[in-house]
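Examining the three-dimensional arrangement
For reference, the chains in residue letters:
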Amino acid sequence: MAAAVTGTPARAESEITACSSQPAHTAAPHREAVSAEDFVAGFLEDRDTELMCPKTVGELMEHLTEQNNTLKEQVLTVSSLVPPKVSAALSAVEDARCSLEALLQREQLTFNMLHKHLQDAQPWMDKLEQTCNQVDFIERHMKYLRCLQHIEELSATVQQCLMTSSAWEAIRAVDSMAALDYGLNQSRCSHLQNFLQATLSFWHKIMKDRLTSDFEKLLTQLHWPIISPPTQSLTPTPSCQETEGQLELLVGQLLALQTSDDLLSQRTLDSSEALSSPQMSKPAPLCLPIQIMLLPLNKRFKYHFYGNRQTNSVSKPEWYLTQVLMWMGNNSTFMEETIQPILDRGGVTLSGKVELCRGLLSLVQEKVASDASKLLYDDVLFCHLVEEVLQFEKELRSNHSYPAELPGVLHLLLEDAVLQKWLTMEKKMAVEKMDAMLSAERAWSSQYKDISDMDDLKAPDCAETFMTLLQVITERYRTLPCPSAQLKFLELQKELVDDFRIRLTQVMKEESRCPLGVRYCAILNAVNYISTILGDWGNDVFFLQLQQTAVSLGEEAVPGGLGIMEMGRLASLEGSLFDGLLALLDRLKGDMLGRLLDFLMREIKEKAKPYCQERWLSLPSQQDQSTMSLSSTACPMMLCVRDRLLNLHQVLGFSLFHLAWQGLAERLDNFLYQDVILCNNFSDGGAAQLQFDMTRNLFPLFGHYCKKPENFFKHVKEACIILCLNVGSAILLRSLIKESDMTRDCAGTGDPPPESALNELGVFCLAPCDVLILLSLRTSWFPS
């Protein structure tokens, strides 16, 4: 029996292990791999008690026999299904292998046939390629010859038209030749290109010279160029219809010749650029009629302003600049009334007047560039040239309506060497002027001091002169076409402002021993004036545009760079480019105001010593006096306050004086509260006298400058209210405050806080503990 029990699980385990390799739907549950002996030993240990009973052993034997039979049936079923499927799979694989071999054989056969066919066809392909190359060679030669024939035909046409005076036909032939030249631009036939270009240049020169000669003769009849201001209109009269017709005909023919002229001009420009790469793009060429009209003016300009002529003086750039402006003005009427209608009828979208100005401007540009490079080491002449160029640009844009999108002459001043020299000279001249204005006799007096309506800021003459200097610099660089160059000038201005601030600080320290002196107050007014002007500039459209430019350029815009926070503030327009300077100026202004107020308070405290020592306990009550009058000991203090307020009002600007008297009121309020009220005891009469001195004498001194001066003496005003309470109200208020202190930690008392009672009395600034101190200063009751 034991052998049967032992063998049965072993055979079952081997069958299960065999079936585990079958598909999942037929496999038995997976078990952990163990040996048969271990399995049997464990099985017998688990059923140790059952094996002691024969009946239980028999039942267990029957159960295991049933499981063994079931497993055998499953194994036999699975074993009968596996061979057909495996055979079918093997058969399919064999068929696929045979098909693949057949395909490979066919592929190799096809490859061999194709290779043999290509070898057989290669001689034919070589012959065909040779034939095609010959055909292509002949075709290119035919095209070359046809192109050459076409060029010769056009050349013959031009020659024949010139012989028969058929100018229009000749121009059209030249224009066709120019179109052909443009079409052959990418061709590698260099000899054909050279021949075409030479032919085009030859006939274009003949046509241009002939038309130019006729046009110049006609312009001479029309008294061109107009050197002096015209006395009458030069528009052809009805009796000059023939001249007008000839003018329109020649202008039209010259405009028709424009294409070939532009092509030849561009080729010349490209060859010159190959030798030297320019920094700026060249402007579009002038239309041909305007070029011819400018020839006599070019001759006059070079005759007078080049060579050894006396008019060619680097110290007198205004001579040639003024002359060019005069030519523009004198000939503008002729261009508008005579030439412009012809251009409009010819479909040319150009302004004759602007084209004339552009041509004359090229002469000025060349001359200014030449002179500027020569004057880099002559400060006086260089500054004079810059001033004249700026004035010329201004008149060009305003008086002659020269378009803003076209370059003038200012870009010549933006060359690195010229711009750096300009900045250096601006700084040098500004520093010299600062030295002169600060050492002038009237440097610290205001030129509007006798006109009160115009002198709210009371700025001294040196500050106004300095800001005028900065404004002049702004006007000089405002029209520059380069924002980065404008930012360089702005940085120079900020540097000059900081330099001026340092100079003001040095003078202030020398005058700080007498803050009420005229010079000290003038310096304070100067600082306030400069700060006010810079604040206004920060909201100006021009400086806002520069601010956005600085943000877009980033660290390139400012030599010192901009922090991330500052960049964000500038981008959101929360700050301005002058914030750093304004902060320094405000700090200096605050320091000077503090020194001034400290000096005033020292003087007032000296005058107030008798008032602080007043015998407030022995003063009679208000009922014992017929009329109240100012305390005699307060008179020196009151006179000092009055005189100093009047003095400050006269010497300080409006906004500064507003800050000064408010600061004085705050310090005086603190002084009276600490040194007069808290340091004395008061009888009813003393309290009434103090309130009278304050409300009827001190407060009105500040009433000239505000409607409610008592609001600036909150401590003194509220202390007088507490000291002048009647005895009953004072006792109740003291009891309320003390009870509130004792029950502060108790919840739910329901009593109103003492602040409510104080507010009803008009006390808002003093705390309840301060009120208790003031009540203890009263002598109308004995302290408990």
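Residues numbered from 1 in each chain as written. Predicted model: local features only at pLDDT ≥ 70, side-chain atom pairs only at ≥ 80, totals over all residues. Heavy atoms only, no water.

Looking at the overall build of the protein
- Helix and strand counts for the protein stand at 26 helices and 0 strands.
- In the protein, which comprises 784 residues, the proportion classed as buried is 39%.
- The long-range share in the protein, meaning contacts at least 24 apart out of those at least 6 apart in sequence, stands at 75%. (Helix = DSSP H or I, 4+ residues; strand = E, 2+ residues; numbered from the N terminus. Buried < 20%, exposed > 50% of the residue type's maximum accessible area, 1.4 Å probe, protein only. Contact = heavy atoms within 4.5 Å.)

As for the packing of aromatic side chains
- Throughout the structure, instances matching the rule amount to 22 aromatic pairs.
- Arranged with centres 5.9 Å apart and planes meeting at 45°, the rings of Y477 and F542 form a pair that is tilted. Within this pair, whereas Y477 is found in helix α13 (residues 461-477), its partner F542 is found in helix α16 (residues 541-553), the two being separated by 65 residues in sequence.
- Among the aromatic residues, those joined into a ring-pair cluster are W422, Y477, F489, W537, F542, F543 and F578.
- Positioned above the aromatic ring of Y306, the side-chain terminus of K367 is 4.8 Å from the ring centre. (Phe/Tyr/Trp six-rings, centres within 6.5 Å; stacked < 30°, edge-to-face > 60°. Lys NZ or Arg CZ within 6 Å of the ring centre and 35° of its normal.)

Focus: the state of the cysteines
- Applying the stated criterion to the full structure yields 0 disulfides.
- Looking at the unpaired C612, the closest cysteine sulfur is the one in C679, lying at 7.6 Å.
- A residue is classified by how much of its surface remains accessible, and C612, at 18% relative accessible area, is buried. (Disulfide = S-S within 2.5 Å.)

Notes on the confidence of the model for the protein
- For the protein, per-residue confidence averages 85 on the pLDDT scale, and residues scoring 70 or more make up 86% of the total.
- A low-confidence stretch, residues 1-33 stays under pLDDT 50, and its non-local contacts, those more than four residues away or across chains, total 33 contacts.
- pLDDT under 50 marks residues 274-279. Its contacts with residues more than four places away, or in other chains, come to 2 contacts. (pLDDT = per-residue confidence, 0-100.)

Some words on the nonpolar core
- L698 and F702 are the most contacted members of the largest nonpolar core, which totals 194 residues.
- Apart from residues no more than four positions distant in its own chain, L698 is found in contact with M638, V641, L668, L672, D693 and F713. (Core = buried A, V, L, I, M, F, W, Y, C linked by side-chain atoms within 4.5 Å.)

What to know about the packing of helix α24 (residues 727-742) against helix α26 (residues 768-776)
- Across the interface, α24 lies against α26 with an axial gap of 10 Å and an inter-helix angle of 135°. Classed by the angle they form, the pair α24 and α26 counts as oblique. α26 is crossed by α24, and the crossing has left-handed handedness. For the pair α24 and α26, contact is made by A730, L733, R734, I737, K738 and D741 and by P768, V771, L772 and L775, respectively.
- Among the residues making up the contact of α24 with α26, the classes are represented as 7 nonpolar, no polar and 3 charged. (Axes fitted to C-alpha atoms, helices over the stretch in contact; angles between N-to-C directions. Parallel < 35°, antiparallel > 145°, perpendicular 65-115°, else oblique. Left-handed = near helix turned anticlockwise from the far one by under 90°. Nonpolar A, V, L, I, M, F, W, Y, C, P; charged D, E, K, R; others polar.)

Quick notes on the environment of D591
- Its place among the elements puts D591 in helix α18 (residues 579-607).
- Separated by 67 residues in sequence, D591 and L524 place their C-alpha atoms 9.8 Å apart.

Details of helix α4 (residues 167-183)
- Between its first and last C-alpha, α4 extends 24 Å over 17 residues, near the 24 Å set by a 1.5 Å rise per residue.
- For α4, the full list of buried residues reads A170, I171, A173, V174, M177, A178 and D181. Buried residues of α4, viewed axially, fall in a sector of 160°; they line one side. The exposed set on the far side of α4, more than 90 degrees from its buried face, consists of A179, Y182 and G183. (Expected span 1.5 Å × (residues − 1). Arc of directions from axis to C-beta.)

Points about the pattern of salt bridges
- Within the structure shown, the criterion is met by 30 salt bridges.
- For E139, the salt bridge identified is with K143, shortest N-O distance 3.9 Å. Taken together, the residues E139 and K143, both in helix α3 (residues 54-163) and 4 residues apart, mark about one turn of the helix.
- Here E139 falls in the partly exposed class, since its relative accessible area comes to 38%.
- Classification of K143 as partly exposed rests on a relative accessible area of 47%. (Salt bridge = Lys/Arg side-chain N within 4 Å of Asp/Glu carboxyl O.)

Some details on a nonpolar patch on the surface
- Taken together, F137, I138, M142, Y144 and L145 make up a surface patch of nonpolar side chains, about 480 Å² in accessible area.
- By the secondary structure assignment, I138 is in helix α3.
- On the basis of relative accessible area, I138 is assigned to the exposed category, the value being 51%. (Patch = residues over 30% accessible without salt bridge, like charges linked within 9 Å, V, L, I, M, F, W, Y side chains within 5 Å. Areas by Shrake-Rupley, 256 points an atom, 1.4 Å probe, with all protein chains shown as cover.)

What about the packing of helix α11 (residues 379-398) against helix α12 (residues 416-438)?
- Contact geometry for α11 and α12: axes closest at 11 Å, N-to-C directions at 105°. Comparing their axes, α12 and α11 come out roughly perpendicular. Residues D379, F382, C383, V386 and L390 of α11 pack against V418, K421, W422, M425, K428 and M429 of α12.
- Partitioning the contact of α11 with α12 into residue classes produces 8 nonpolar, no polar and 3 charged.

Section: α26
- For α26, the complete set of buried residues consists of P768, V771, L774 and L775. Along α26, the residues classed as buried sweep out an arc of 110° about the axis, all on the same side.

Structural notes on the environment of T322
- With respect to the element layout, T322 can be found in helix α9 (residues 317-345).
- Considering only alpha carbons, one finds T322 and F392, 70 residues apart in sequence, at a separation of 7.7 Å.
- At 2.6 Å, the side chain of T322 forms a polar contact with the backbone oxygen of E318. (Polar contact = N/O pair within 3.5 Å; in protein donor to acceptor, adjacent residues only side chain to side chain.)

A short note on unusual backbone geometry
- Backbone torsion omega between W224 and P225 reads 0°, so that peptide bond is classified as cis.
- Relative to the assigned elements, P225 resides in the loop between α5 (190-221) and α6 (241-256).
- Although it is not a glycine, S165 sits at a positive phi angle of roughly 60°.
- Overall, the relative accessible area of 63% leaves S165 in the exposed class.
- A positive phi angle, near 50°, is found at K458, a position not held by glycine.
- Secondary-structure assignment places K458 in the loop between α12 and α13.
- Residue K458 is classed as partly exposed on the basis of its relative accessible area, which comes to 22%.

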